[in-house]
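Listed below, chain by chain, are the residues.
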2 protein chains.
Amino acid sequence: MANSAYRNRPTLRDIAQIAGVTAATVSYVLNGKGSVSADVQKRVRQTAKDLGYRANYVAKATRTGQTLSIGLILPDLKNPFFPQLAQSVQSAARGAGYAVFLMDSQGDTEVEREGAEDFISRGVEGIVWCPATEHDSLSDYRADVPIVVVDRPLPHYDTISSDYYSGGGLLADHVLAQGHRHIGMIVGPQSLSSAQRRRDGFVERIAGKAEIDWEVENAFTIDLSDEIRRQLNNFDVSVIVCGNDFIAIGVIRALHELGRRVPKDVSVVGFDDIPWASFSIPALTTVRQPFSKLGQEAAALLVRRISGESGPLVNMSLEMRLVSRGSLNRL
Amino acid sequence: MANSAYRNRPTLRDIAQIAGVTAATVSYVLNGKGSVSADVQKRVRQTAKDLGYRANYVAKATRTGQTLSIGLILPDLKNPFFPQLAQSVQSAARGAGYAVFLMDSQGDTEVEREGAEDFISRGVEGIVWCPATEHDSLSDYRADVPIVVVDRPLPHYDTISSDYYSGGGLLADHVLAQGHRHIGMIVGPQSLSSAQRRRDGFVERIAGKAEIDWEVENAFTIDLSDEIRRQLNNFDVSVIVCGNDFIAIGVIRALHELGRRVPKDVSVVGFDDIPWASFSIPALTTVRQPFSKLGQEAAALLVRRISGESGPLVNMSLEMRLVSRGSLNRL
DNA sequence: ATGATTGACTTAAACGTTTAAGCCTTTTAG
DNA sequence: CTAAAAGGCTTAAACGTTTAAGTCAATCAT
């Protein structure tokens, strides 16, 4: 029986014995319930402090059924999107008295699913989940606890995302306002609705007001396809609109290698406003995701669901903001 | 009694009743202990599956004293150092059957400390801790569980860090090998031992072989002091050695504004190899921290301590590696 | 045929809490 | 002055497990 640390910490009973009362009384004192005389309260609190008593949440949970913990499942902390999300979820959860279990699925839906099951076994009262793909890897899994999905519009879940469509529109307005009339586009994988919505929001706002001379697809990474590298020699467009900041940084780098100056020769804009966006040279003009707010709202909604709020499925869309830096020129 | 979800999940007793045995027998079957006949085993497993039974770790923990969870306390997930650390700690912990509670202290030692107390109350069996400062904010706190400290050389703890001193030496060798003989240095806050060790490792290896024309201190951020901005107009040095990659990126950006080309006019080197280092233009020559290994080793050591391994305090130093990219010129 | 061993299960206690119910004693109301 | 209410504490059951100890029957060795 490897009963380390956890054991032989002072318990309610230990306090009770010393204070000359019952464990129940100690519990009432420490939880501010029941009615206990002032001097017993004082005695109990003092001995608790003397013994260095620390509540045992595990034991507590067996009785109350509440672990005051939630799970957070993310695809990949190395993607700069997620650290901020994790941070804000954790901080908001803490504000509500919840601790958070972290699980980085490394993009593996199987891991993701096992992670969820493990969390459930551990008694989490809810899960904030950003699925690795748009596929619902938990669909056949009866979770028993509320789940709030972040950044993916899965049906049958409460979801919280950025308003990509409007964000695309915002960017279009800005590009137009700066006088650009010939546009090259590198969109993200159109199988992802986040990529699709930001594209559509942009394209529909541009319609009739400017020309999209070419449009190609690329993964959401800094590495560009050969087709794109060729396209970058196209001198007809005055701005290259990228599906996200990674792509944009890749484009700036590729243009640099080709000897074309940004934004002097051609402007570049990104999407997301990841932390790196402001450090590139030139700094990226982009559209900011409310990373922290996403996490806050997700945690807040989850806590409400845990407390039993039962209204209809929530599909929250958070407003994006244009961030104008140096990579887009006024023509 | 807000006894949600957690309750009315099938229990051992439910299975037992249906399978016509005792809860104890079910426990034996599901844990592969004791001796149970083949057909009872089969019956139990089947009903467990039918009911969608899921072990209750909380109840389990009250009896065994093992929660199979650890805590991870970090100063700031937005610092690119930490996501990788978190990822690898989590993944290594999972490999050993442990789940991890995450706490981002946002640099606040008070939060850090309360986080630790909270973790203990939750029954974590150990803590991986990267303190917000070099101060031991847990010193007066009897933790009861093993703690492994990452990236800070606190006494009285098991610690795991990168070998900054050797890393500084590695960088010096490289700078010398590339023919540089006049060096400008922007070191990190010398109150931090990590900044100090990397500086000393560099300086001592340079001694007598090249000249350090100037040396100034700056915070570990991209924002540079005015003194440094002035120093960057100093044309005597052929390379600027920076305390970390943030500073290096700041320097590249400042030089760019001054119209000086990197590495043509002056070389720049960083330290850490944060993810952004490879995306800057030019890509940074730097010294890589074994981020993932730090996390792995920390988790592994913690698990060993949890299992009762009791040897002397461990102070592990992980090897660093030179990463040569474009920001350093051969003279 | 006997005693010992093994196999297959059950019993019951324990883990550290919470909390409804109970039981005195004192205070309050009429 | 008595009955009811309030105050202050204890008792005991419960939460879902694990596990040492017990029981009983069947098998084995001699």
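Here's what I pulled together on the structure shown here. Going along each chain's sequence as written, the residues are numbered from 1 onward. Going through the entries in the order they are written, you letter the chains from A and number the ligands from 1. Local features in this predicted model are restricted to residues whose pLDDT is 70 or higher, and side-chain atom pairs enter the listing and the counts only when it is 80 or higher, whereas totals over whole chains, interfaces and linings include all residues. Calculation of side-chain values draws on the structure's entire complement of heavy atoms; hydrogens and water are dropped beforehand.

1. Details of the protein's contact with DNA strand D
With respect to spatial proximity, 27 residues lie near DNA strand D, and among them T25 and S37 of chain A together with S27, T62 and R63 of chain B are the closest. Among atoms of DNA strand D positioned within 4 Å of the protein, sugar and phosphate together represent 62%. What qualifies as a polar contact is a pair of N or O atoms within 3.5 Å, subject to a donor-acceptor requirement within protein and to the restriction that residues adjacent in sequence count only when both atoms come from side chains. In the environment of DNA strand D, a phosphate oxygen lies 3.2 Å from a nitrogen or oxygen atom belonging to the side chain of N31 of chain B. One of the side-chain N or O atoms of K33 of chain B is found 2.8 Å from a phosphate oxygen in DNA strand D. The rule for a residue being near a molecule or strand is that one of its heavy atoms must lie within 4 Å of it.

2. Concerning the interface of chain B and chain A
Contact between two residues is taken to exist if any of their heavy atoms lie within 4.5 Å; hydrogens are not considered. Taken residue by residue, the interface counts 64 residues in chain B and 64 residues in chain A. Buried area: the sum, over both parts, of the accessible surface (1.4 Å probe) that disappears when the two are put together. Counting the surface lost from both chain B and chain A, the interface buries some 5600 Å², and carbon and sulfur atoms represent 56% of this. By definition, a salt bridge exists where a carboxyl oxygen of Asp or Glu is found within 4 Å of a side-chain nitrogen of Lys or Arg. Summed over the shared surface of chain B and chain A, the result is four salt bridges. R54 of chain B serves as the salt-bridge partner of E117 of chain A, at 2.9 Å between the closest nitrogen and oxygen. Summed over the shared surface of chain B and chain A, the result is 24 residue pairs in polar contact (both at pLDDT 80 or more). Only α4 (57-64), α5 (81-95), β2 (99-104), α6 (109-121) and α10 (245-257) of chain B provide two or more residues apiece to the side of chain B that touches chain A. Of the residues belonging to the side of chain B that touches chain A, the class tally is 32 nonpolar, 19 polar and 13 charged. Note on conventions: DSSP H or I runs of at least 4 residues are helices, E runs of at least 2 residues are strands, and numbering of each starts at the N terminus. Think of it as three bins: nonpolar holds Ala, Val, Leu, Ile, Met, Phe, Trp, Tyr, Cys and Pro, charged holds Asp, Glu, Lys and Arg, and polar takes everything else, Gly as well.

3. Digging into unusual backbone geometry
Residue and element names in this part refer to chain A. Residue P263 is reached from V262 by a cis peptide bond, and omega for that bond is 0°. Relative to the assigned elements, P263 resides in the loop between α10 (245-258) and β9 (267-269). The phi torsion at H156 lies on the positive side, around 70°, for a residue other than glycine. Within the fold, H156 resides in the loop between β4 (147-150) and β5 (158-162). The backbone phi angle of D273 is positive, close to 55°, even though this residue is not glycine. Structurally, the position occupied by D273 is in the loop between β9 and β10 (286-288). For D273, a relative accessible area of 9% gives the class buried. Burial classes: relative accessible area under 20% of the type maximum marks a residue as buried, over 50% as exposed, and values in between as partly exposed (1.4 Å probe, protein chains only).

4. Focus on the side chain of D245 of chain A
All names here are of chain A. The residue D245 is located in helix α10 in this model. Here F271 takes part through its backbone nitrogen, which lies 2.6 Å from a polar atom of the side chain of D245. Within polar-contact distance, the side chain of D245 engages the backbone nitrogen of D273 at 2.6 Å. With residues up to four places along the chain from it excluded, the contact list for D245 reads G270, F271, D272, D273, I274, A277, L284 and T286.

5. Side note on a positive patch on the surface
Like charges within 9 Å and nonpolar side chains (Val, Leu, Ile, Met, Phe, Trp, Tyr) within 5 Å are joined into patches, using only residues over 30% in relative accessible area that form no salt bridge. In these tables, accessible area is a Shrake-Rupley quantity obtained with a 1.4 Å probe, and a residue counts as shielded only by the protein chains included in the view. Charge assignment in this entry is limited to Lys and Arg as positive and Asp and Glu as negative, and neither His nor the chain termini are counted. To locate a charge, take NZ of a lysine, CZ of an arginine, CG of an aspartate or CD of a glutamate. There is a patch of like positive charges on the surface, built from R261 and K264 of chain A together with R261 and K264 of chain B. When you line up the elements, K264 of chain B lands in the loop between α10 and β9 (267-269). For K264 of chain B, a relative accessible area of 68% translates into the label exposed.

6. Here's the deal with the protein's contact with DNA strand C
Within the structure, DNA strand C sits among 27 residues, and S27, T62 and R63 of chain A together with T25 and S37 of chain B are positioned closest to it. The protein-proximal atoms of DNA strand C, defined as those within 4 Å of the protein, are 61% sugar or phosphate. K60 of chain A has a polar side-chain atom sitting 3.3 Å from a phosphate oxygen of DNA strand C. At a separation of 3.0 Å, a base oxygen of DNA strand C approaches a polar side-chain atom of T62 of chain B. Looking at the surface near DNA strand C, the elements that each hand over two or more residues are α1 (12-19), α2 (23-31) and α4 (57-64) of chain A together with α2 (23-31) and α4 of chain B. Ranked by residues supplied to the surface near DNA strand C, first place goes to α4 of chain A with five residues. Residues belonging to the surface near DNA strand C are distributed by class as follows: ten nonpolar, eleven polar and six charged.

7. Topic: the packing of aromatic side chains
Aromatic ring pairs are described here by two measures, namely the spacing of the ring centres and the angle between the planes. Here a pair means two rings of Phe, Tyr or Trp (six-membered ring of Trp) with centres within 6.5 Å. Their orientation is stacked below 30 degrees between planes, edge-to-face above 60, and tilted elsewhere. Across all of its chains, the model carries 16 aromatic pairs over all chains by this definition. Taking 3.9 Å as the distance between ring centres and 20° as the angle between the ring planes, the aromatic pair formed by F101 of chain A and F101 of chain B counts as stacked. Separated into two different chains, F101 of chain A in strand β2 (residues 99-104) and F101 of chain B in strand β2 make up a pair that spans both. Neither residue differs from the other here; F101 of chain A and F101 of chain B are each classed as buried. Between the aromatic rings of F81 of chain B and F82 of chain B, the centroid separation amounts to 4.8 Å while the plane-to-plane angle is 65°, which identifies the pairing as edge-to-face. Note on accessibility: F81 of chain B and F82 of chain B belong to one class, buried.

As far as function goes, none of this settles anything; it's purely spatial.
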